[in-house]
Amino acid sequence: MSTRPTLRELSCADDYDPNSMPVPRAREVIAQFLSPISTIERVSVRAALGRVLAADVISPVDVPSHDNSAMDGYALRFADLKSDGTVTLKVAGSSFAGVPYQGVLKTGEAVRIMTGGVVPAGADTIVMQEHVETKDGQVSVGGGHKKGQNLRKAGEDLQRGQPALRRGQPVRPAETGLIASLGIAEVPVYRRLRVAFFSTGDELVSIGLPLGEGQIYDSNRYTIHGMLTRLGCEVIDMGVIRDDPQLLEAAFREAAAVADVVITSGGVSVGEADFVKDLLNKLGEVVFWKIAMKPGRPLAYGKIGNAHFFGLPGNPVSVMVTFYQFVRDALLKLSGRDPIEALPSFRVPCTSTLKKAPGRTEFQRGILTRDASGDLSVRVTGEQGSGILRSMSEANCFIILPTEQGNVTPGTLVDVQVMEGVI
Ligand code: AMP
Ligand code: MG
């Protein structure tokens, strides 16, 4: 039997206020319901880019595989050097990257060696070419060197049998290179998360059709498609669904049957929520919250059968903010990512005056710039209405104003979260 509380049990907890849910509390509740997908696929190194490793990658070799030189110079025996004088050694041959010296270095000898060249048997130290003089097949080396200098030991980066990468790590370009450096052609990754989404609203028109009176084009399906694609999800776009209980029920059922996660936008604001709520309570277990944040107050989360459900607000900016603050982490966790690092943020002075009421977290859209003296500051993108999608497009960061914060005067330090790499 599962020890996990049900959403209904959680909603009876003392500190639970569905009409003013703090951002971190809502995240915690959602996190308790997420278990990562378990299906594993084996894919080639290139195809693994953007996927999540389903097992540790164990190194089948020592890295580097041989003792090798970190410099262009001469390999020699440290015992041949004098600490306070110059010695002259015979250059017995060369060791270039990929073409090693075949013999054993004898006393009184040095071998010309290039970066990455295998250190010959008998040698224990590399002297940089800038620190020697060469003449007639001989090399003169002064004092002041250290035994073992400029030499990379076999297995120094990674020993055979050690994990080079961990289960749950995302495969980025560095990881594809690292996997290839071990001679591994295929890795196990989790299958992609399948996410179905649709927009709700009688006023919505799909692009390509003319707008009637009071109608608007559906933009949320495009931002949601983009955000999901960037996260590496398999997307199932179910279009626009009218505000009609029968059509919505059919859409929810179909989405939950084919996807791991169902995301909708619109239909969760006051008035509309009631009928969607009844419908979802019939189909699954769903809670509605008014989150203490701006933009993005109404949010629904729950399960419909085995699928997770996120009911995002309708306003285009609210959709993006709630996605990044709640859905993104949840999707990463479901995709097998472990650990999930918090989105990085840092503090910079704000040059704008910001209106902010205490009691909720605000995510204003900002433009982070560096002035001529190299100092960073942020300014707001102008009007912050939750329907103004242009504010997201102009912004390169979120300005995060915490619950207790009031109005911001120019010069105040504020937290910013850079969008690049996240969005
Ligand atoms: P709702 O939550 O359904 O009341 O929607 C709130 C606001 O967002 C309304 O002004 C809607 O017209 C707008 N909206 C809802 N869905 C979309 C969408 N898919 N694209 C653009 N705007 C939308
Ligand atoms: Mg609506």
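Quick caveat, the model's predicted, so the values are computed rather than measured.

Moving on: the overall build of the protein chain. On a plain count of helices and strands, the protein chain comes out with 8 helices and 26 strands. Against the globule reference of 22 Å for 423 residues, the protein chain gives a C-alpha radius of gyration of 30 Å, more extended than a compact globule. Taking all 423 residues of the protein chain together, 45% fall into the buried category. Here the protein chain displays about 20,900 Å² of accessible surface, and carbon together with sulfur accounts for 51% of that area. The averaged location of the 47 negative side-chain charges in the protein chain is 3 Å from the averaged location of its 45 positive side-chain charges.

In the vicinity of ligand 1 lie 16 residues, with Glu203, Asp218, Gly267, Ser269 and Glu272 positioned nearest. Between ligand 1 and Asp218, the relevant distance is 2.6 Å, taken from a nitrogen atom to a side-chain nitrogen or oxygen of the residue. Within the backbone of Gly267, one N or O atom sits 2.9 Å away from an oxygen atom of ligand 1. Relative to its unbound accessible surface of 490 Å², ligand 1 loses 79% to contact with the protein. Considered class by class, the residues forming the shell around ligand 1 number 4 nonpolar, 9 polar and 3 charged.

So, about the environment of Gly161. Examined against the element boundaries, Gly161 turns out to sit in the loop between strand S10 (151–152) and strand S11 (163–165). Discounting residues that sit within four places of it in the chain, Gly161 has contacts with Ile58 and Ser59.

If you trace the backbone, Ala196 turns up in strand S13 (residues 194–200). Taking C-alpha positions, Ala196 is 65 Å from His131, a pair spaced 65 residues apart along the chain. Setting aside residues no more than four positions away along its own chain, Ala196 makes contact with Ile236, Met238, Ala255, Ala259, Val261, Val262 and Ile263.

This brings us to the packing of aromatic side chains. Enumeration over the complete set of coordinates arrives at 6 aromatic pairs. Each ring, one from Phe252 and one from Phe309, has its centre 5.4 Å from the other, and the planes form 85 degrees; the classification is edge-to-face. You can see Phe252 sitting in helix H5 (residues 245–258) and its partner Phe309 sitting in strand S21 (residues 307–312), a full 57 residues away along the chain. Each member of the pair, Phe252 as well as Phe309, carries the same accessibility label: buried. With 5.5 Å between their ring centres and 80 degrees between their planes, Phe323 and Tyr324 make a pair best called edge-to-face. Taken individually, Phe323 and Tyr324 each receive the classification buried, so the pair is uniform in this respect. A connected cluster of aromatic rings, assembled from ring pairs, spans Phe33, Tyr301 and Phe310. Between Arg27 and the ring centre of Phe326, over which it is positioned, the NZ or CZ distance is 6.0 Å.

This part is about the sheet that holds strand S20 (residues 298–304). With mixed pairing, the 6 strands of this open sheet are ordered in space as S16-S13-S17-S21-S20-S18. Where the open sheet ends on each side, the last strands, each with one partner, are strand S16 (234–241) and strand S18 (285–290). Neighbouring strand axes in the sheet, compared pairwise and without regard to direction, differ in orientation by 15 degrees on average. Of the strands in this sheet, S18, S20 and S21 touch helix H6 (residues 272–283), which is tilted by about 150 degrees from S18.

For the rest of this paragraph, the subject is the packing of helix H4 (residues 220–230) against helix H7 (residues 316–334). Axis separation between H4 and H7 bottoms out at 11 Å; the angle between their running directions is 30 degrees. As far as their axial angle goes, H7 and H4 are roughly parallel. In the crossing of H4 with H7, the sense of the turn from one axis to the other is right-handed. Together, Asn220, Thr223, Ile224, Met227 and Leu228 of H4 and Pro316, Val319, Met320, Phe323, Tyr324 and Leu331 of H7 make up the contact between the two elements. A class-by-class count of the residues in the contact of H4 with H7 yields 9 nonpolar, 2 polar and no charged.

Per the domain assignment, the segments making up the protein chain are domain 1 (7–39 + 192–334), domain 2 (40–63 + 165–190), domain 3 (68–152) and domain 4 (345–418). A straight line from the C-alpha centre of domain 1 to that of domain 3 covers 66 Å.

We now examine the sheet that holds strand S6 (residues 109–113). The 6 strands are arranged S7-S4-S6-S5-S9-S8 in an open sheet whose pairing can be described as mixed. This sheet does not close on itself; its edge strands, each paired only once, are strand S7 (125–128) and strand S8 (132–135). Between one strand and the next, the sheet's axes are offset by a mean angle of 35 degrees, whatever the strand orientation. When S8 meets strand S9 (residues 138–141), the two strands line up antiparallel, connected through 4 bridges.

For H5, which comprises 14 residues, the first-to-last C-alpha distance of 20 Å matches the rise-based estimate of 20 Å (1.5 Å per residue) to within 8%. Where H5 begins, the side chain of Asp244 points an oxygen toward the backbone nitrogen of Gln246, at a separation of 2.8 Å.

A cluster of nonpolar side chains, Ile207, Leu211, Tyr217 and Tyr222, forms an exposed patch at the surface whose accessible area comes to about 400 Å². If you trace the backbone, Tyr222 turns up in helix H4.

What counts, and at which threshold
- Residues numbered from 1 in each chain as written.
- Chains lettered and ligands numbered in written order.
- Predicted model: local features only at pLDDT ≥ 70, side-chain atom pairs only at ≥ 80, totals over all residues.
- Heavy atoms only, no water.
- Helix = DSSP H or I, 4+ residues; strand = E, 2+ residues; numbered from the N terminus.
- Rg over C-alpha atoms; globule rule 2.2 N^0.38 Å.
- Buried < 20%, exposed > 50% of the residue type's maximum accessible area, 1.4 Å probe, protein only.
- Areas by Shrake-Rupley, 256 points an atom, 1.4 Å probe, with all protein chains shown as cover.
- Lys, Arg positive; Asp, Glu negative; His and termini not counted.
- Charge placed at Lys NZ, Arg CZ, Asp CG, Glu CD.
- Near = heavy atom within 4 Å.
- Polar contact = N/O pair within 3.5 Å; in protein donor to acceptor, adjacent residues only side chain to side chain.
- Nonpolar A, V, L, I, M, F, W, Y, C, P; charged D, E, K, R; others polar.
- Contact = heavy atoms within 4.5 Å.
- Phe/Tyr/Trp six-rings, centres within 6.5 Å; stacked < 30°, edge-to-face > 60°.
- Lys NZ or Arg CZ within 6 Å of the ring centre and 35° of its normal.
- Pairing = 2+ DSSP bridges.
- Axes fitted to C-alpha atoms, helices over the stretch in contact; angles between N-to-C directions.
- Parallel < 35°, antiparallel > 145°, perpendicular 65-115°, else oblique.
- Left-handed = near helix turned anticlockwise from the far one by under 90°.
- Domains from an automatic or database assignment.
- Expected span 1.5 Å × (residues − 1).
- Patch = residues over 30% accessible without salt bridge, like charges linked within 9 Å, V, L, I, M, F, W, Y side chains within 5 Å.
- Salt bridge = Lys/Arg side-chain N within 4 Å of Asp/Glu carboxyl O.

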